Amino acid sequence: FTIIILVVCTATLIASIGINGWRVESFSSNPMLGPSAETLTRMGAKVSRLIVIQGEWFRLFSPMILHAGLIHYLLNMLALWFIGSAVEQNHGFVAAAIIFIIPAAGGTIFSAIFLPEYISVGASGGIFGLIGACFADIVINWRLLFSKQVNSDDSGTTCRHIIVVVWLIVDIIINCVIGLTPYVDNFTHMGGMLYGFLCGLSTMERLSSDFFGIPTNLVTRLRNVLCRFMGLILSVVLIMVTTALLVESDGMTSPCPNCRYASCVKFPPWNADDNKWWYCDDCTTVTASLPTSESTGFIESITLTCPDGALEFIDLSDEEITDREFLSRQLPNYCREYCSNLFK
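Residues numbered from 1 in each chain as written. Predicted model: local features only at pLDDT ≥ 70, side-chain atom pairs only at ≥ 80, totals over all residues. Heavy atoms only, no water.

Scanning the model with the defined rule gives four disulfides in all. Each sulfur of the disulfide joining C264 and C280 lies 2.1 Å from the other. One quick way to see it: the torsion about the S-S bond of C264 and C280 is about -90 degrees, and its sign makes the bridge left-handed. Residue C264 is found in the loop between α10 (218-248) and β1 (287-289), and its partner C280 is found in the loop between α10 and β1; the two are separated by 16 residues along the sequence. For the pair C264 and C280, a shared accessibility class is recorded, and that class is buried. A sulfur-sulfur distance of 2.0 Å marks the disulfide that ties C283 to C335. Classification of the bridge connecting C283 and C335 rests on its S-S torsion, roughly -60 degrees, and on that basis the disulfide is left-handed. Taken together, the residues C283 in the loop between α10 and β1 and C335 in helix α11 (residues 324-338) connect sequence positions 52 residues apart. The connectivity of the disulfides in the protein chain is 1-2, 3-4, 5-7, 6-8, where the numbers refer to bonded cysteines in sequence order. (Disulfide = S-S within 2.5 Å. Helix = DSSP H or I, 4+ residues; strand = E, 2+ residues; numbered from the N terminus. Buried < 20%, exposed > 50% of the residue type's maximum accessible area, 1.4 Å probe, protein only.)

Right under this line is the structure:
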């Protein structure tokens, strides 16, 4: 399964750059060194408006095989190769497929609900699902992995287990930092890890404590059976509930506008506020009327429609501006300066 995903992701990355004219966008437009937002949308990126309004539900699945660019692709494929191969080798093709696909789709649904204004792509949801399943494996077999009785003959085994946990945490941190950039989001990551943990409770093979001479009581056995069934059941219920919430939404408004800051930061910090490469507000969607004075030929005012629908009057009579295209490009900056609410 891991090899299949690697091959498909490689093919779609090459195809996306080809559709983009065999070039990558500038670093300020796409810091992952990849195609434009328009190309990613054509390829099947998550766009909540298209999912909800136009019924393009395939976009809940297609992002898992797309990447924002070369950097995003290399980091994800490296993580997939090491984590995915280990999970598949130890637990089989079917378990690896379930742990990758369900979290990837579930994480995309979380993203579509809470970040409807952003497009996003990446296998990260599925990879975080694999990480979540690894943590489930650790929780399930904790008594054995870190048991002095089991590891008494090999003192290095416990250290190796600790190193694995540390590397999983490091991978989470790196991907969450990447999730602050355009076209990648942390709601897909965190949603994927939640679903991966739940799926892992059901699909990960349990080691028998009795085999290692560690007795188990009836309560422990009942708890293990309950976890195995409840993990997959909770995953299915959560997907059904979140899908219903997505269907009932308008595909454009987030129930938690400030949640975007978990997946976005204004960048770069050393540039002035009106010269960032990307922002975390809705000012790019504002509109305005630009009346031209018949006597002077200048645009003497702007009536700006803010993201929340409020109107702001801006006097430009002293600036002698005639270039409408220039003013149109400046509307987001006027929004950030004059609008009290920068969100829809």
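Counting 32 residues, the largest nonpolar core has L80, V87 and F100 as its most contacted members. Secondary structure elements with two or more residues in this core: α1 (2-19), α4 (70-91), α5 (93-114), α6 (124-140), α8 (155-178) and α9 (186-203). Top element by residues in this core is α6. It accounts for seven residues. In contact with V87, not counting residues within four places along its chain, are G92, A96, I99, L130, C134 and M204. If you look at the next biggest cluster of nonpolar residues, it comprises 15 residues, including V286, L290, L304 and C306. (Core = buried A, V, L, I, M, F, W, Y, C linked by side-chain atoms within 4.5 Å. Contact = heavy atoms within 4.5 Å.)

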